[in-house]
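Observations on the three-dimensional arrangement
Read off the chains here:
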Amino acid sequence: MADVKKIATRDSYGSALAELGASHPDLIVFDADLAGATMTKYFRDAYPQRFFDCGIAEADMMNIAAGLSTMGLVPFCSTFAMFGAGRAYEQIRNSIAYPRFNVKICCSHAGVSVGEDGHQAIEDIGLMRLIPGMTVIVPADAKEARKATLALAEFRGPAYMRLARLATPVFEEDYPFQIGKANVLREGTDAAVFACGLMVSETLAA
């Protein structure tokens, strides 16, 4: 797959946020001192008055987002998955998911492909899926990450999206995206293989 175009899902997420800024004046973005890594810098540069760097205080970031969501705003919170799903788990569970507030938690650097940045989280999907009322999305490529981000802006309720650091193949096919629906990418008769995120391209290659 050497000749296949590769884009990181975190990059596509950041670009989609900036795209949404013009049509969604109620959208605000929070980051935990990692805007250059989570790619929320694109939104920060375009809409600085609607971007908030909470510093290395992920739990505080989630609580602030929860509060502002009650005022009709749509907060997107970003950090590394290890810190978002891990360190701020209690705040996500109790302050966002339990009251079903409209907060989107979009965490990058998940899985085992983090590489030189470290801090990889492999349990974040499981932690978020355990929370009643939490919607979990794991885009397979950059195209799907963009579609998922646009869909989250319209979706009502708490949601978690897992993004990756690594640039990975962008599928030539333009698969449809709908929250809660899976796509069949290859037909066959011998086995059924389910995959999400970066493992989709690896599964297809295998």
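Structure shown above.
Residues numbered from 1 in each chain as written. Predicted model: local features only at pLDDT ≥ 70, side-chain atom pairs only at ≥ 80, totals over all residues. Heavy atoms only, no water.

Let us look at the packing of aromatic side chains. Per the counting criterion, the structure on display carries 4 aromatic pairs. Judged by centre distance (6.1 Å) and plane angle (10°), the ring pair of Phe80 and Phe83 falls under stacked. Here Phe80 matches Phe83 in class, with each residue buried. (Phe/Tyr/Trp six-rings, centres within 6.5 Å; stacked < 30°, edge-to-face > 60°. Buried < 20%, exposed > 50% of the residue type's maximum accessible area, 1.4 Å probe, protein only.)

Turning next to the sheet that holds strand 2 (residues 27–31). Ordered by their spatial adjacency, 6 strands build an open sheet running 3-2-4-5-7-6, and the pairing between neighbours is parallel. One side of each edge strand has no neighbouring strand; the edge strands of this open sheet are strand 3 (51–53) and strand 6 (135–137). Ignoring which end each strand starts from, the neighbouring axes of this sheet average 20° apart. Bridge analysis of strand 5 (residues 104–108) against strand 7 (residues 159–162) gives 4 bridges, and the strand direction is parallel. Bridging across to strand 7, Cys106 finds its partner in Met161. Against the sheet, helix 8 (residues 142–154) touches strand 2, strand 4 (74–80), strand 5, strand 6 and strand 7, its axis set at about 165° to strand 7. (Pairing = 2+ DSSP bridges. Helix = DSSP H or I, 4+ residues; strand = E, 2+ residues; numbered from the N terminus. Axes fitted to C-alpha atoms, helices over the stretch in contact; angles between N-to-C directions. Contact = heavy atoms within 4.5 Å.)

This brings us to the layout of surface pockets. Counted as a void, the largest pocket has a volume near 1,100 Å³. Together, 39 residues line the largest pocket, and Ala182, Asn183, Phe194, Ala195 and Val200 are the ones closest to its centre. For the lining of the largest pocket, the secondary-structure elements that each account for two or more residues are strand 6, helix 8 and helix 9 (199–205). If you add up the space inside the second largest pocket, you get close to 310 Å³. If one sorts the elements of the lining of the second largest pocket by residue count, helix 9 sits on top with 3 residues. (1 Å grid on protein atoms, 1.4 Å probe; cavity = no way out; pocket = protein on both sides within 12 Å on 5 of 7 lines; lining within 4 Å. Points joined across faces, edges and corners; volume = space filled by probe spheres on them.)

Let's shift gears to the nonpolar core. Across soluble globular proteins, you tend to see nonpolar side chains buried next to one another. Membership of the largest hydrophobic core comes to 23 residues, with the highest contact counts inside it found for Met62, Cys77, Ile92, Ile105, Met128, Met134 and Tyr160. Put simply, the parts of the chain that give this core at least two residues each are strand 2, helix 4 (58–69), helix 5 (81–87), helix 6 (89–97) and strand 5. Sequence-distant contacts of Tyr160, defined by excluding residues within four places in its chain, comprise Ala81, Ala85, Ile105, Cys107, Asp124, Met128, Met134, Thr135, Val136 and Ile137. Core analysis: the next-biggest nonpolar cluster, separate from the first, contains 19 residues, Val29, Phe51, Ile137 and Ala153 among them. (Core = buried A, V, L, I, M, F, W, Y, C linked by side-chain atoms within 4.5 Å.)

Looking now at helix 4. For helix 4, spanning 12 residues, the distance from its first C-alpha to its last is 16 Å, which sits close to the expected 16 Å at 1.5 Å a residue. Within the span of helix 4, buried status applies to Glu58, Met61, Met62, Ala65, Ala66 and Ser69. The buried residues of helix 4 all sit within an arc of 135° when viewed along its axis, so they share a single face. Close packing links the buried residues of helix 4 with strand 2, strand 4, helix 5, helix 6 and strand 5. (Expected span 1.5 Å × (residues − 1). Arc of directions from axis to C-beta.)

Okay, the pairing of strand 4 next. Of all 7 residues making up strand 4, 7 are buried, and the element is well covered by its neighbours. Note: strand 2 against strand 4, 5 bridges, orientation parallel. When the bridges of strand 4 are listed, Leu27 appears paired with Val74. Summarising the sheet, strand 4 and strand 5 pair through 5 bridges and their orientation is parallel. Following the sheet pairing, Ser78 is matched in strand 5 by Cys106.

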